[in-house]
Amino acid sequence: MTAEKDFRAEGSSNPKKVPKRVAFIKPRTAARVKKEDEEMVMTVPNLVIKEIIAFEVMVIVLALISLTFNAPLEWIANPEHTPNPAKAPWYFLGLQELLHYFPPIVAGVILPTLAVIALIVIPYFPINLKQEGLWKEHRRQTLSVLLTVVGIVSVVLLWFDVYAMLVPTLLITALMVVPYFSKKETGVVGWLGTRPLSWWIMTWFIVIVVVLTTIGILFRGPEWSWTWPWHEIY
Amino acid sequence: MKKAFEKLFRSQVWRSMFRHGLPLSNRTRAEAVFYNFFLHVHPTKVRKRSVKFTYTWGLGGLSLGLFIILVFTGGLLMLYYRPSVAQAYWDMKDLQFVVSNGRFLRNMHRWAAHAMVAIVFLHMMRVFYTGSYRPPKEFNWVIGVFLLVTTILLSYTGYLLPWDQLSFWGISVGTNMVKAVPFGLGDTISYLLLGGTMVGENALVRFYVLHCFIIPVAAVVLMAIHFWRVRKDGGV
């Protein structure tokens, strides 16, 4: 592998459009500088008309939903009578599902804090900016690190019986290693091979969030036991 | 008819409000953007690529649209709602059965709030998968993460206000999670949030103020910075 320079020289043969110049383009340069001159359109009407239409369609859809479905309102709050199960709003049911498996400090504090921190730091890691396929270099090393990390995570998940996270984790890992063994560079396998590490982590995170939240919303009944959504729980 | 409109658009009163003429030439189209308070965050020209609907799915704009709907419906709901244990629930009942269109107003606010949590999350996914967090926009991504948290907090603080079983126990579950924060901080934060050791009168007032004033103001400030930075970094 040759050492990559962190800049490249560009020229143009059209002195009217681009006077002679040398441009230093580093990896951290804004994407807009790297792009060739792009086709521009006037904001009025091209963009503004789309904004207005999108907003109007949304207001109409919301109005139709509001005319059809009523917002829930149960009996007046009663601290003496705990509903079973007591559920948080839907966007917290993923967390409440975690609470079912892990001690409160892990599910309620450590994991959500880690998730927010992980989201914040994404743009500050060069590996997330280069966007190179996971298997582009150091293939064997990557494989062993990947399998070790997934192995440790799987043991922890098994220990706490978190199959709802274990199964998606293993499925995604399986997809990750497919391009390592297959030499195909086209089709789905080829596409998987070009996915960078950050893409895999984010996809894993989103799948876990969706799976846990769905289980929390639809599949949890009294005492947080597994209940099929078609069973009347009240 | 056409002549009457043309006369109107040329009149001094109209031109004192809208200094540009009809957006028929590129010059007046550009003026329509930068002479307009609401449009001036936009550049006069945008990349054709960024106007394409399937590039952004309009998710950021729709989040703002939902916020506007929520401020509007929320303001009207505030006219009928009193944040006290004795009255809150019965004010909800009045909204359902007494106030004209009260039920529709409340439905709209409720569904828009749920939609906003989902759409802001989808917007974050879109920004990630198009790699739009890359420099120079890295800090705007951070502001975006804070806006996601703010959106969830807005929705969550509003969840208590109807004061029904759903609200009471939903908030109890959440604030019990806060108690798990270590070093004795959990109880302190929970006490600060609830104004007591359990969800009651003080909690209702605190959530009301957080929901209607403190968090919305924070959200507006964060949004202003977010949009301004999008524009400065070459976006729409």
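Above this note sits the structure.
Read on for an overview of the structure.

Parameters at a glance
In this convention, every chain numbers its residues from 1, walking through the sequence in written order. Starting at A for chains and at 1 for ligands, labels are handed out in the order in which the entities are written. For this predicted model, a pLDDT threshold of at least 70 governs which residues receive local features, and a threshold of 80 or more governs which side-chain atom pairs are given and counted, while totals over whole chains, interfaces and linings are taken from all residues. Numbering of helices and strands starts at the N terminus; helices are DSSP runs of H or I of at least 4 residues and strands are runs of E of at least 2. Three classes are used. A residue is buried when 20 or more other C-beta atoms lie within 10 Å of its own, exposed when 12 or fewer do, and partly exposed in between, with C-beta atoms placed from the backbone. Whether two residues are in contact is decided by their C-beta atoms, placed from the backbone, lying within 7 Å. Computation of the radius of gyration draws on C-alpha atoms, with the globule rule given as 2.2 Å multiplied by the number of residues to the power 0.38. Multiply 1.5 Å by the residue count of a helix minus one, and that product is the helix's expected span. The seven residues ending at a residue and the seven starting there each receive a fitted axis; the angle between those axes is the bend at that residue. A set of buried residues qualifies as a nonpolar core if it consists of Ala, Val, Leu, Ile, Met, Phe, Trp, Tyr and Cys joined through C-beta atoms within 7 Å. Interaxial angles span 0 to 180 degrees and are taken between N-to-C directions of axes, which are lines fitted to C-alpha atoms, for helices over the stretch in contact. The cut-offs work like this: below 35 degrees is roughly parallel, past 145 is roughly antiparallel, 65 to 115 is roughly perpendicular, and the gaps in between are oblique. Handedness of each helix crossing follows the sense of rotation of the near helix against the far helix: counterclockwise by less than a right angle gives left-handed, clockwise gives right-handed. Basically, the charged four are Asp, Glu, Lys and Arg, the nonpolar ten are Ala, Val, Leu, Ile, Met, Phe, Trp, Tyr, Cys and Pro, and anything else, Gly included, counts as polar. A strand pair is defined by DSSP finding two or more bridges across the two strands.

**A look at the overall build of chain A**
Here is step 1 of the chain: Scanning chain A for helices and strands turns up nine helices and one strand.
Here is step 2 of the chain: Overall, chain A shows an N-to-C arrangement of helices and strands of α-β-α-α-α-α-α-α-α-α.
Here is step 3 of the chain: Looking at chain A as a whole, 15% of its 234 residues qualify as buried.
Here is step 4 of the chain: The long-range fraction of contacts in chain A, counting pairs at least 24 apart against all pairs at least 6 apart in sequence, stands at 53%.

**Some remarks on the overall build of chain B**
Here is step 1 of the chain: When helices and strands are tallied, chain B shows twelve helices and one strand.
Here is step 2 of the chain: Along chain B, from the amino end to the carboxyl end, the secondary structure elements read α-α-α-β-α-α-α-α-α-α-α-α-α.
Here is step 3 of the chain: Its C-alpha atoms give chain B a radius of gyration of 22 Å, clearly above 18 Å, the size a compact globule of 236 residues would have.
Here is step 4 of the chain: Dimensions of chain B, computed from C-alpha atoms along their principal axes, come out at roughly 65 × 50 × 30 Å.
Here is step 5 of the chain: Counting only contacts in chain B whose residues sit at least 6 apart along the sequence, the fraction spanning at least 24 positions is 62%.

**Details of helix α12 (residues 201–232) of chain B**
Residue and element names in this part refer to chain B.
Here is step 1 of the chain: Over its 32 residues, α12 extends 45 Å from the first C-alpha to the last, a length consistent with the 46 Å expected when each residue adds 1.5 Å.
Here is step 2 of the chain: If you look at α12, its biggest bend is around 45 degrees, right at leucine 210.
Here is step 3 of the chain: Where α12 is concerned, the buried positions are Ala203, Leu204, Phe207, Tyr208, His211, Cys212, Ile215, Ala219 and His226.
Here is step 4 of the chain: Looking at the buried side of α12, the elements it contacts are α6 (59–78), α7 (88–97), α9 (138–160) and α11 (185–194).
Here is step 5 of the chain: After α12 finishes, the residue glycine 234 shows a positive phi value of roughly 90 degrees.

**Describing the nonpolar core**
Here is step 1 of the chain: Leu66, Ala112 and Met116 of chain B are the most contacted members of the largest nonpolar core, which totals 62 residues.
Here is step 2 of the chain: Taken together, the elements giving at least two residues each to this core come down to α3 (93–101) and α7 (163–181) of chain A together with α6, α7, α8 (102–129), α9, α10 (165–178) and α12 of chain B.
Here is step 3 of the chain: Looking at this core element by element, the count peaks at twelve residues for α8 of chain B.
Here is step 4 of the chain: Filtering out sequence-adjacent residues up to four positions away, leucine 66 of chain B remains in contact with Ala112, Ala115, Met116 and Ile119 of chain B.

**What to know about helix α2 (residues 43–68) of chain A**
Here is step 1 of the chain: The terminal C-alpha atoms of α2 of chain A, which comprises 26 residues, lie 36 Å apart, in line with the 38 Å expected from a rise of 1.5 Å per residue.
Here is step 2 of the chain: Within α2 of chain A the residues assigned to the buried category are Thr43, Val44, Leu47, Leu62 and Ser66 of chain A.
Here is step 3 of the chain: Turning to α2 of chain A, the residues buried within the fold contact β1 (40–42) of chain A together with α3 (26–34), β1 (45–47), α4 (48–51), α6 and α8 of chain B.

**Topic: the packing of helix α4 (residues 104–121) of chain A against α9 of chain B**
Here is step 1 of the chain: Taken N-terminus to C-terminus, the directions of α4 of chain A and α9 of chain B make an angle of 150 degrees; their axes are 8 Å apart at the nearest point. As judged from the angle between their axes, α4 of chain A and α9 of chain B are roughly antiparallel. Read as a crossing pair, α4 of chain A and α9 of chain B show a hand that is right-handed. The residues of α9 of chain B that touch α4 of chain A, namely those facing Val116, Leu119 and Ile120 of chain A, are Val142, Val145 and Val149 of chain B.
Here is step 2 of the chain: The class makeup of the residues in the contact of α4 of chain A with α9 of chain B is six nonpolar, no polar and no charged.

**Things to note about the interface of chain A and chain B**
Here is step 1 of the chain: Listed per partner, the contact involves 62 residues of chain A and 69 residues of chain B.
Here is step 2 of the chain: For the side of chain A that touches chain B, the secondary-structure elements that each account for two or more residues are α1 (31–34), β1, α2, α3, α4 and α9 (197–218) of chain A.
Here is step 3 of the chain: Considering each element in turn, the side of chain A that touches chain B owes the most residues, 17 residues, to α2 of chain A.
Here is step 4 of the chain: Of the residues contributing to the side of chain A that touches chain B, the split by class is 45 nonpolar, nine polar and eight charged.
Here is step 5 of the chain: Sheet analysis places β1 of chain A next to β1 of chain B, joined by three bridges and oriented antiparallel. Bridged to methionine 42 of chain A within β1 of chain B is lysine 45 of chain B.

**Details of the packing of α9 of chain B against α10 of chain B**
All names here are of chain B.
Here is step 1 of the chain: The contact between α9 and α10 brings their axes to 7 Å, and the two run at 130 degrees. In terms of axis orientation, α9 runs oblique to α10. Counting all contacts with α9, which are made through Tyr156, Tyr159 and Leu160, the residues of α10 involved are Ser167, Gly170, Ile171 and Gly174.
Here is step 2 of the chain: Its residues assigned to classes, the contact of α9 with α10 comprises four nonpolar, three polar and no charged.

**Structural notes on the environment of alanine 63 of chain A**
Residues and elements named next belong to chain A.
Here is step 1 of the chain: If you trace the backbone, alanine 63 turns up in helix α2.
Here is step 2 of the chain: Residue classification places alanine 63 among the partly exposed residues on the basis of 15 C-beta atoms within 10 Å.
Here is step 3 of the chain: Remark: the alpha-carbon pair of alanine 63 and valine 188, spanning 125 residues in sequence, is separated by 41 Å.

These values are about where atoms sit, not about what they do.
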